[in-house]
Amino acid sequence: MSSADWLSLIVLSIVWGGSYFFFKVLVAEVPVVTIVAVRVAGAAVILVAIVYLRRGSLPSSPAIWGAFAVMGIFNNIIPFCLIIWSESQISSGLAAILNATTPLFSVLLSHFLVEDQRLNAHRIAGVLIGLAGVCVLMGPSALLGLNLRNVGQLACIAAALSYAWVAIYARRFRALGVSPLVTATGQVITSAVIIVPVALLASHLHPFRESPSAAASFAGLVVLSTVFAYILYFRILSTAGATNALLVTFLTPISALILGALVLGERLVISDIAGMFLIFIGLAAIDGRALNLLRKQSAPT
């Protein structure tokens with residue numbers, strides 16, 4: 001990748017890592033469904049404007065909009081709700097680390113759902129190492145009985161599973177000729193249509209008043225961690241490819257950990273750090289580039 005691609009990747013990891021920070025601030029004051037509704041509705045308005053400013057258009061096919069609805073549910077509503085609720089029980093940094101397991105589950109699901117994505121030796125090793133990292137993060141207490149911290153961790157893992165499955169599902173949009181920007185716009189529109197009525201009901205039953213920090217977090221969540229992040233991600237996809245874009249998985253937890261430590265005063269224990277490194281090693285094994293580099297260096301010249 002070029003230096004510009006690396007810079008874009010680092011910036012993307014910061015704004016996506018920032019979403020965990022914004023969630024942590026908001027969940028203390030605002031109902032979970034309201035946070036999700038504001039994020040997707042605000043992003044939908046801005047992304048629709050961007051599509052039309054670029055002289056694009058949204059599809060009219062009911063089948064495509066049905067697929068957008070599936071994306072909206074499994075890529076936005078379910079994982080957002082799970083992650084945001086989890087941050088009422090665990091730190092934002094730990095939530096980001098657990099969410100980094102998405103590629104592990106994606107590799108497992110792809111083996112059964114995608115014909116040309118079978119498991120091989122280094123992918124199996126990567127998945128096993130990564131899952132060992134999850135076990136270290138969960139800790140022995142998970143075997144002694146569930147508590148809210150354990151349930152919060154399981155919620156993040158469930159969100160990662162949802163992301164992994166929908167990433168495979170999203171491959172159909174390429175065959176349908178739908179651009180990534182239009183796909184992103186369509187899925188947040190359908191998400192908003194589904195979740196906004198629920199949020200309005202929840203807000204009516206549980207009124208709240210935003211503090212200045214909550215209002216600023218909403219703005220950051222919508223503008224930076226959603227709209228700007230989508231645009232930047234699509235740029236990386238177009239210039240560096242999907243494989244390089246996945247490197248953001250390694251970087252996002254780091255930015256979330258730094259923000260959590262510096263601003264929220266969160267602290268990680270040794271098991272959190274050990275689990276994170278095991279997950280990263282697993283991701284590196286799945287990615288394969290580090291192994292290929294080592295083989296080249298050790299090969300006789």
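Okay, so let's go over this structure. (Residues numbered from 1 in each chain as written. Predicted model: local features only at pLDDT ≥ 70, side-chain atom pairs only at ≥ 80, totals over all residues. Heavy atoms only, no water.)

### Things to note about the overall build of the protein chain
The cut-off we apply is this: Secondary structure elements follow DSSP: runs of H or I no shorter than four residues count as helices, runs of E no shorter than two count as strands, and numbering proceeds from the N terminus. For the radius of gyration, the atom set is restricted to C-alpha positions; the globular benchmark scales as 2.2 Å times the number of residues to the power 0.38. Relative accessible area decides the class of each residue, using a 1.4 Å probe on protein chains only: under 20% of the type maximum gives buried, over 50% gives exposed, and in between gives partly exposed. Counting rule for charge: Lys and Arg are taken as positive, Asp and Glu as negative, and neither His nor the chain ends is counted. The atom standing in for a charge is NZ when the residue is Lys, CZ when it is Arg, CG when it is Asp and CD when it is Glu.
A count of helices and strands for the protein chain gives 15 helices and zero strands. In terms of overall size, the protein chain behaves like a compact globule, its C-alpha atoms giving a radius of gyration of 19 Å where 301 residues would be expected to give roughly 19 Å. With the C-alpha coordinates of the protein chain rotated into their principal frame, the extents come out at 65 × 50 × 35 Å. The proportion of buried residues among the 301 residues of the protein chain is 49%. Averaged over its 16 positive side-chain charges, the protein chain has a centre that lies 7 Å from the centre of its 9 negative ones.

### Description of a nonpolar patch on the surface
As a reminder, the rule being used: A patch is a set of surface residues, each over 30% in relative accessible area and not in a salt bridge, joined within 9 Å for like charges and within 5 Å for the nonpolar side chains Val, Leu, Ile, Met, Phe, Trp and Tyr. Here, Shrake-Rupley sampling with a 1.4 Å probe gives the accessible areas, and only protein chains in the shown set may cover a residue. The term salt bridge refers to a pairing of a side-chain nitrogen on Lys or Arg with a carboxyl oxygen on Asp or Glu at a separation within 4 Å.
A cluster of nonpolar side chains, Ile254, Ile258, Leu262, Val263 and Leu264, forms an exposed patch at the surface whose accessible area comes to about 450 Å². Under the relative-accessibility criterion, Ile254 is labelled partly exposed at 37%.

### A word on the packing of helix α5 (residues 102-113) against helix α14 (residues 270-287)
This is how it is decided: The angle between two axes is taken between their N-to-C directions and runs from 0 to 180 degrees, where each axis is a line fitted to C-alpha atoms and a helix contributes only its stretch in contact. An angle below 35 degrees is treated as roughly parallel, one above 145 as roughly antiparallel, one from 65 to 115 as roughly perpendicular, and anything else as oblique. Two helices cross in a left-handed way if the nearer one is turned anticlockwise from the farther one by less than a right angle. They cross in a right-handed way if the turn is clockwise. Every residue pair with non-hydrogen atoms within 4.5 Å of one another is taken to be in contact. Each residue gets one label: Ala, Val, Leu, Ile, Met, Phe, Trp, Tyr, Cys and Pro are nonpolar, Asp, Glu, Lys and Arg are charged, and the others, such as Gly, are polar.
Relative to each other, α5 and α14 sit at 45°, their axes nearing to 9 Å. Compared by their axis directions, α5 and α14 come out oblique. Handedness of the crossing formed by α5 with α14: left-handed. Taken together, the residues of α14 that come into contact with α5 (itself represented by Pro103, Leu104 and Val107) are Gly282, Leu283 and Ile286. Class assignment of the residues belonging to the contact of α5 with α14 gives a composition of five nonpolar, one polar and no charged.

Don't take any of this as a statement about function, it's just geometry.
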